[in-house]
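Structural features, examined
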Amino acid sequence: MAAEHAPNASEYIVHHLTHLNSLGHKQAALVDWSVFHLDTLFWSVSLGLVAVLILARAAAKATSGVPGRFQAAVEILVEMVESQSKSIVHGDRTFIAPVALTVFVWIFFMNAMDLLPLDLLPRLWGGVYAVAGHDPAHAYLRMVPTADLNATLGMSLGVLLLCIYYSIKIKGIGGWIHELFTAPFGSHPVLYPINFAMQMIEFVAKTVSHGMRLFGNMYAGELIFMLIALMGAAWAGTASGALLWVGGVVAGTIWAIFHILIITLQAFIFMMLTLVYIGQAHETH
Amino acid sequence: MNLNATLFAQLVVFLILAWFTMKFVWPPIMKALDERAGKIADGLAAADKAKADLAHAEKKASDELRKARESAAEFRSGAERQVAQLIEDARAEGVRIVNAAREAAEAEAGVASQRAKESLREHVAVLAVAGAERILRKEINAKAHAELLTQLKSEL
């Protein structure tokens, strides 16, 4: 991918799907624990800070008197999370409800990065790269952290840890281990391994599907934005190209509007599943 | 789509953000919400109390009004009674005075007629004697017939 020729469709997509990582080039192995995705970390930490600082600002200025619009909006959000967590988790929610709120707002912000113009930040980053004397074709930047499996699995793993923590906290270490071997089929020595296997499958399935669901939605959404962008980019010169450009504008508009629903819905689903899984940890069989 | 250490970094960031929210975001907002709910509940209770107070005051006022009206009516009927009594008394007094005057007049008239009768009687006797003197001329002795005349006088 030299700078002098415009990338073809495949190169364009591959470029957009390549992370800025600590290696400087695409990670070769499927799993490599020595590598960091710098773009994912930067955007997720930045957006997380933005999210919690906005919330903290609302919290610091919160009065019990007549709320302003900003405070009322945050309060609506908090009350939504509070009522959901109350109906799902039966127990001490001093940490769980804030977790749900954090998850919802943070994921919403990260998902919303998908609505920024697809090439805006990568192009700016390319410019920075060029100024720094590097080849801008190697300036990789992915701006939607939730379209990175590491981010979503990292969060679902966090939820798994919370599930285990609350299982032990509620049932005791003995009670939890007892449950691992006796649920769901019952307490009988023959059933112990089957129960245990089922429990392990359940934990893995929950965690993987939790992370994969969000990742899959956002990754697919991002990919469709790229395809729409390619459609728009095909306008040069020909009449059919001009039609494709119009199609790109129309499709981009429709998909972006639909995506407003998706980013909110996926953030909400992730939050609800977080609550449901932690709520399950509170239930004794 | 590669797995790498970003995953664990994200996990740690997740827990830190959640902790931050628990520490600095959630409690003040919930406190404000609870306080406002309390204020609203207090306000509603105060409104209810004020409503009850108002109803009480209205009842009291209408009671007072009714009492005042009753006492005024009582007062008026008492006054009317008194006035009627006064009129009645005055009328009786008037009747009494009229009667007394009539009686006095009657009595006076009786005395006067008696006196007239007496003087008439005196005059009749004198006239009778004078008449008899004229008729009888010297034949009659006034002294001899005085007894007879006195008897005649008493028969009149």
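Residues numbered from 1 in each chain as written. Chains lettered and ligands numbered in written order. Predicted model: local features only at pLDDT ≥ 70, side-chain atom pairs only at ≥ 80, totals over all residues.

**Brief notes about the overall build of chain A**
Here is the rule we go by: Counting from the N terminus, the helices are the DSSP runs of H or I reaching at least four residues and the strands are the DSSP runs of E reaching at least two. With C-beta atoms placed from the backbone, the exposure class of a residue follows from how many other C-beta atoms lie within 10 Å of its own: 20 or more, buried; 12 or fewer, exposed; in between, partly exposed. A pair of residues counts as a contact when their C-beta atoms, built from backbone coordinates, are within 7 Å of each other.
Each helix and strand in chain A was counted, giving eight helices and one strand. Along chain A, helices and strands appear, N-terminal first, in the series α-β-α-α-α-α-α-α-α. For chain A, the C-alpha atoms occupy an extent of roughly 70 × 55 × 40 Å along the three principal directions. Expressed as a percentage of the 285 residues in chain A, the buried residues total 35%. Of the contacts formed within chain A by residues at least 6 apart in sequence, a portion of 65% connects residues at least 24 apart.

**Notes on the overall build of chain B**
The criterion, for reference: Only the C-alpha atoms count toward the radius of gyration. The rule for a globule is 2.2 Å times the residue count to the power 0.38.
For chain B, the helix and strand inventory stands at two helices and one strand. The order of α-helices and β-strands along chain B, N terminus first, is β-α-α. Against the 2.2 N^0.38 benchmark of 15 Å for 156 residues, chain B shows a C-alpha radius of gyration of 62 Å, more extended than a compact globule. With the principal axes as the frame, chain B shows a C-alpha extent of 195 × 25 × 15 Å. Put simply, chain B has 156 residues, and 10% of those count as buried.

**Remarks on the environment of L191 of chain A**
Residue and element names in this part refer to chain A. Mapped onto the elements of the fold, L191 is located in the loop between α6 (149-182) and α7 (192-233). What makes L191 partly exposed here is the crowd of 16 C-beta atoms within 10 Å. Remark: the alpha-carbon pair of L191 and E75, spanning 116 residues in sequence, is separated by 48 Å. The residues contacting L191, other than those within four sequence positions of it, are F185 and G186.

**Some remarks on the interface of chain B and chain A**
Where we set the bar: Residues are sorted three ways: Asp, Glu, Lys and Arg are charged, Ala, Val, Leu, Ile, Met, Phe, Trp, Tyr, Cys and Pro are nonpolar, and all the rest, Gly among them, are polar.
The interface of chain B with chain A comprises 29 residues on the first partner and 44 residues on the second. Elements with a minimum of two residues in the side of chain B that touches chain A: β1 (3-4) and α1 (6-136) of chain B. Per-element tally for the side of chain B that touches chain A: the top contributor is α1 of chain B, with 24 residues. Considering only residue class, the side of chain B that touches chain A consists of 21 nonpolar, five polar and three charged.

**Some details on unusual backbone geometry**
Of the consecutive residues A183 of chain A and P184 of chain A, the connecting peptide bond is found in the cis state with omega at 5 degrees. Positionally, P184 of chain A belongs in the loop between α6 and α7.

**Section: the nonpolar core**
For clarity, the cut-off: For our purposes the nonpolar core covers buried Ala, Val, Leu, Ile, Met, Phe, Trp, Tyr and Cys residues that link as a set through C-beta atoms within 7 Å.
One finds A100, V103, F104, W106, I107 and I278 of chain A together with I29 of chain B to be the most contacted residues of the largest nonpolar core, which totals 65 residues. When contributions to this core are tallied by element, the ones reaching two or more residues are α2 (38-60), α3 (69-88), α4 (96-112), α6, α7 and α8 (239-282) of chain A together with α1 of chain B. The residues touching F104 of chain A, leaving out its near neighbours within four places in the chain, are V81, A267, F268 and M271 of chain A. If you look at the next biggest cluster of nonpolar residues, it comprises five residues, including L118, F225, I228 and A229 of chain A.

**Considerations on the packing of α6 of chain A against α7 of chain A**
Residues and elements named next belong to chain A. In plain terms, the rule: To obtain an axis, a line is fitted to C-alpha atoms, over the contacting stretch when the element is a helix, and the angle between two such axes runs from 0 to 180 degrees between their N-to-C directions. Here is the rule for angles: anything less than 35 degrees is roughly parallel, anything more than 145 is roughly antiparallel, 65 through 115 is roughly perpendicular, and the remaining ranges are oblique. For a crossing to be left-handed, the near helix must be turned anticlockwise from the far one by less than a right angle; the clockwise case is right-handed.
One can describe the packing of α6 onto α7 by two numbers: an axis separation of 8 Å at closest approach and a directional angle of 155 degrees. Here α7 runs roughly antiparallel to α6, going by the angle between their axes. As for the relative orientation of α6 and α7, their crossing is right-handed in sense. Facing L149, T152, L153, M155, S156, L157, V159, L160, L180, F181 and T182 of α6, the residues of α7 in contact are Y192, N195, F196, Q199, F203, T207, H210, G211, L214 and F215. Grouping the amino acids of the contact of α6 with α7 by side-chain chemistry returns 13 nonpolar, eight polar and no charged.

**Observations regarding the packing of α4 of chain A against α1 of chain B**
Across the interface, α4 of chain A lies against α1 of chain B with an axial gap of 8 Å and an inter-helix angle of 110 degrees. Viewed along their axes, α4 of chain A and α1 of chain B adopt a mutual orientation that is roughly perpendicular. Note that α4 of chain A runs across α1 of chain B; the crossing there is right-handed. Residues A97, P98, V99, L101, T102 and W106 of chain A of α4 of chain A form the contact with α1 of chain B, whose own contacting residues are L17, A18, T21, M22, V25 and W26 of chain B. Across the contact of α4 of chain A with α1 of chain B, the residue classes break down as 10 nonpolar, two polar and no charged.

**Structural notes on the environment of E222 of chain A**
Locating E222 of chain A in the fold gives a position in helix α7. Put simply, E222 of chain A and D148 of chain A are 74 residues apart on the chain and 11 Å apart in space, counted from C-alpha to C-alpha.

**Quick notes on α6 of chain A**
Spelled out, the test is: The span one expects for a helix is its residue count, reduced by one, times 1.5 Å. In this analysis the local bend is the angle between axes fitted, respectively, to the seven residues ending at and the seven residues starting at the residue.
In a regular helix each residue adds 1.5 Å, so 34 residues correspond to 50 Å; α6 of chain A covers only 33 Å between its end C-alpha atoms and thus falls short of that length. Of all the bends in α6 of chain A, the largest measures some 105 degrees and sits at G172 of chain A.

**Remarks on the confidence of the model for chain B**
Residue and element names in this part refer to chain B. Stated precisely, the cut-off is as follows: Confidence scores per residue from the predictor, reported as pLDDT, run from 0 to 100.
Residues at a pLDDT of 70 or more form 96% of chain B, whose mean pLDDT is 89. Within chain B, α1 carries the highest mean pLDDT (92), whereas helix α2 (residues 146-155) carries the lowest (77). Scored by ipTM, the complex comes to 0.86, with pTM at 0.76.

**Some details on the environment of T6 of chain B**
Tracing the backbone shows T6 of chain B in helix α1. Its 29 C-beta neighbours within 10 Å are what place T6 of chain B among the buried residues. The residues contacting T6 of chain B, other than those within four sequence positions of it, are F36, H37, T40, L41, D148, N150, A151 and G154 of chain A.

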